[in-house]
Amino acid sequence: MQFIDFNKEHFTRDEETGGYFIEIPKDEVDFGDIKVQEKKEDGTYTATDCELIDETTRITIKMETPVDVRVSF
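Residues numbered from 1 in each chain as written. Predicted model: local features only at pLDDT ≥ 70, side-chain atom pairs only at ≥ 80, totals over all residues. Heavy atoms only, no water.

## Observations regarding the sheet that holds strand β1 (residues 3-6)
Taken together, four strands build an open sheet; the order of strands is β1-β8-β4-β5 and the sheet is antiparallel. The sheet terminates laterally at β1 and β5 (45-47), the two strands that pair on one side only. Each adjacent strand pair in this sheet contributes to an overall mean axis angle of 30°, direction not counted. Sheet topology note: the strand β4 (residues 35-39)/β5 ladder contains three bridges and is antiparallel. The partner of K39 across the bridge, within β5, is Y45. (Pairing = 2+ DSSP bridges. Helix = DSSP H or I, 4+ residues; strand = E, 2+ residues; numbered from the N terminus. Axes fitted to C-alpha atoms, helices over the stretch in contact; angles between N-to-C directions.)

Here it is as structure tokens:
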């Protein structure tokens, strides 16, 4: 399984909803299953509460507040 780490600074604020999102092109995540985990202060990763939107050309991850995450695929 491969992964990409994103810092909370990678998230973009959605002015309409007040939430945050990241868009990832599908060709970067191999069109497979996606798992998003939040990075904790001790460096470990745990499941996080987010919304995944799977579109034809991209994956969008939406969260209420930005955090450092690992996207595994």
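## Overview of the sheet that holds strand β3 (residues 20-25)
An order of β2-β3-β7-β6 is seen for the four strands of this open sheet, with the pairing classed as antiparallel. At either margin of the open sheet sits one strand with a lone partner, and together these are β2 (12-13) and β6 (51-54). Pairing of β3 with strand β7 (residues 58-63), which is carried by six bridges, proceeds in the antiparallel orientation. Counted as the bridge partner of E23 is T60 from β7.

Take it as geometry only, folks, not as evidence of what the structure does.
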